[in-house]
Amino acid sequence: MENYLIAMAVIGGIYALMSLGLNVIWGMAGMVNLGLIGFFAVGAYGTAIASMKFGLPMIAGMAIGTVAAGLAGAGVALITARLRGDYLAIVTLGMAEAVRIVAANTIWLTKGTDGISGIPGPMRGQLSPTQFNLLYLVIVTCIVAVVYVLAERLRAAPFGRVLRAIRDDEQVAAVAGKHVFAFKIRAFALSAAAIGLAGALYAHYTSYIAPDLFVPLFTLYIKLSLLAGGLGNNRGAIVGAFVVVFFLESTRFVIPYVPGISAVQGAALREFLIAVLLIVLMRYRPQGLVPERMPRLPVAGVAGGPAKATA
């Protein structure tokens, strides 16, 4: 049981990292991205190929996966940044499916539907499963902490304020002299890089990846994480990720007590229970568990604000 809880904490950390990345593009810039799992797959395959085919160390492979996902995000943004709403969502969803299909058919590079196995993890052969999970939990926690600090600094920086201005009213931001298109591309690249880093961590943790793992449902879980935690709030992104993981895993223990259902029906019931729990959460906390708080602007005559003009 202890090993299981540690493993779920690792998965929760990976979800949190993806939620932080999603918060940049959706919570701050207001762009709907349904292609998260595509960037996740790019990061996972990037580090797996670098580690397995070229023998690079884990850190170098993760860096390659992160950069590859960031570049993919910038490329997608160049095509989609001028799209809005449903059009942007459909195009990004199609991109994610295109990545999965390419991974399934480029057998010479990704081994196709057989997937890539034996991806190295830190000291995997020298540690017991529990010790390995504990070590990986420390690694994931440190990475999430660093990304959280960077995301908070980004949110408070002028770049973050421009993104929120674009989210609230893109035309006003453009009239104010901001290059909206350039800001969207950078936001997309940063978001995709964080999600790609999560994919790299996942690949080294599970030691196996295949195209069938990267399905659109995974994107839905991350979007629900951000909604449950609080859209636009980095702390909420982390809290919501662990809440969704808790919902996903807690229902696993409920299904065996339901009599007269098959395994397929149990899986469907589990998805239904997850949906009900999230609907209840959003019904009573529509702003999320940790709502976004807008920074206070300095007021004239108050300490730290501009001095009041005198005659």
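The sections below set out a description of the structure shown in this document. (Residues numbered from 1 in each chain as written. Predicted model: local features only at pLDDT ≥ 70, side-chain atom pairs only at ≥ 80, totals over all residues. Heavy atoms only, no water.)

**What about the overall build of the chain?**
- Summing up its helical and strand segments, the chain has twelve helices and two strands in all.
- Scanning the chain from its N terminus toward the C terminus, one meets helices and strands in the order α-α-α-α-α-β-α-α-α-α-β-α-α-α.
- Radius of gyration (C-alpha) of the chain: 21 Å, near the 19 Å computed for a compact globule of 311 residues.
- Across its three principal directions, the C-alpha atoms of the chain cover 75 × 50 × 40 Å.
- A burial count over the chain gives 47% of its 311 residues as buried.
- For the chain, long-range pairs separated by at least 24 residues make up 77% of all intrachain contacts whose partners lie at least 6 apart in sequence.
- Entry remark: accessible area of the chain is about 15500 Å², with carbon and sulfur atoms responsible for 69%.
- Across the chain, the 23 positively charged side chains and the 12 negatively charged ones have centroids separated by 10 Å. (Helix = DSSP H or I, 4+ residues; strand = E, 2+ residues; numbered from the N terminus. Rg over C-alpha atoms; globule rule 2.2 N^0.38 Å. Buried < 20%, exposed > 50% of the residue type's maximum accessible area, 1.4 Å probe, protein only. Contact = heavy atoms within 4.5 Å. Areas by Shrake-Rupley, 256 points an atom, 1.4 Å probe, with all protein chains shown as cover. Lys, Arg positive; Asp, Glu negative; His and termini not counted. Charge placed at Lys NZ, Arg CZ, Asp CG, Glu CD.)

**Here's the deal with the layout of surface pockets**
- Considered as a void within the structure, the largest pocket measures approximately 410 Å³ in volume.
- In this structure, the largest pocket is lined by 21 residues; those nearest its centre are Ile-11, Tyr-15, Phe-218, Leu-248 and Glu-249.
- For the lining of the largest pocket, the secondary structure elements donating two or more residues are α1 (2–28), α9 (180–206), α10 (216–229), α11 (234–254) and α12 (263–284).
- No other element matches the five residues that α1 contributes to the lining of the largest pocket.
- Classifying every residue of the lining of the largest pocket gives 17 nonpolar, no polar and four charged. (1 Å grid on protein atoms, 1.4 Å probe; cavity = no way out; pocket = protein on both sides within 12 Å on 5 of 7 lines; lining within 4 Å. Points joined across faces, edges and corners; volume = space filled by probe spheres on them. Nonpolar A, V, L, I, M, F, W, Y, C, P; charged D, E, K, R; others polar.)

**Observations concerning the pattern of salt bridges**
- Going through the model one piece at a time under the given rule, you end up with four salt bridges.
- Across the pair Glu-97 and Arg-100 runs a salt bridge, and its minimum N-O distance is 2.8 Å. Here the residue Glu-97 and the residue Arg-100 both occupy positions in helix α4 (residues 85–105), the gap between them amounting to three residues, near one helical turn.
- On the accessibility criterion, Glu-97 (22% relative accessible area) is partly exposed.
- Measuring nitrogen to oxygen at the nearest pair gives 2.9 Å for the salt bridge that ties Lys-184 to Glu-170. On the criterion of sequence distance, the pair formed by Lys-184 in helix α9 and Glu-170 in helix α8 (residues 170–175) is long-range, its members being 14 residues apart.
- Residue Glu-170 is classed as partly exposed on the basis of its relative accessible area, which comes to 21%. (Salt bridge = Lys/Arg side-chain N within 4 Å of Asp/Glu carboxyl O.)

**As for a nonpolar patch on the surface**
- On the surface, Phe-272, Val-276, Val-280 and Tyr-284 cluster together to form a nonpolar patch covering roughly 420 Å² of accessible area.
- With relative accessibility at 33%, the residue Val-276 sits in the partly exposed group. (Patch = residues over 30% accessible without salt bridge, like charges linked within 9 Å, V, L, I, M, F, W, Y side chains within 5 Å.)

**Things to note about α11**
- In this model, α11 (21 residues) spans 31 Å end to end at C-alpha, consistent with the 30 Å of a helix rising 1.5 Å per residue.
- N-cap assignment for α11: the residue whose side-chain oxygen lies 2.9 Å from the backbone N of Arg-235 is Asn-233. (Expected span 1.5 Å × (residues − 1). Polar contact = N/O pair within 3.5 Å; in protein donor to acceptor, adjacent residues only side chain to side chain.)

**Here we look at the packing of α1 against helix α6 (residues 129–156)**
- Look at α1 against α6: their axes get within 9 Å of each other, and the N-to-C directions meet at 20°. With respect to their mutual orientation, α1 and α6 come out roughly parallel. The hand of the α1/α6 crossing is left-handed. (Axes fitted to C-alpha atoms, helices over the stretch in contact; angles between N-to-C directions. Parallel < 35°, antiparallel > 145°, perpendicular 65-115°, else oblique. Left-handed = near helix turned anticlockwise from the far one by under 90°.)

**A word on the side chain of Thr-106**
- Within the secondary structure, Thr-106 sits in the loop between α4 and α5 (107–110).
- A distance of 2.8 Å separates a polar atom in the side chain of Thr-106 from the backbone oxygen of Val-102.
- Residues in contact with Thr-106, not counting those within four places in the same chain, are Lys-111 and Gly-112.

**Some remarks on the side chain of Lys-184**
- Judged by its relative accessible area of 4%, Lys-184 falls in the buried class.
- Within polar-contact distance, the side chain of Lys-184 engages the side chain of Glu-170 at 2.9 Å.
- Not counting residues within four places of it along the chain, the set of residues in contact with Lys-184 comprises Ile-25, Met-31, Ala-77, Ala-81, Ile-166 and Glu-170.

**Points about the packing of aromatic side chains**
- Under the counting rule described, the total for this entry stands at twelve aromatic pairs.
- Geometrically, the ring pair formed by Tyr-4 and Phe-253 is edge-to-face, given 5.9 Å between the ring centres and 85° between the ring planes. Of the two residues, Tyr-4 is situated in helix α1 and Phe-253 in helix α11; the sequence distance between them amounts to 249 residues.
- According to the relative accessible area criterion, Phe-253 is partly exposed, its value standing at 43%.
- With a centroid separation of 5.8 Å and an interplanar angle of 55°, the aromatic rings of Tyr-45 and Phe-214 are classed as tilted. Of this pair, Tyr-45 sits in helix α2 (residues 36–52) while Phe-214 sits in the loop between β2 (208–209) and α10, and the two are 169 residues apart along the sequence. (Phe/Tyr/Trp six-rings, centres within 6.5 Å; stacked < 30°, edge-to-face > 60°.)

Interpretation note: all reported values are geometric properties and have no functional meaning in isolation.
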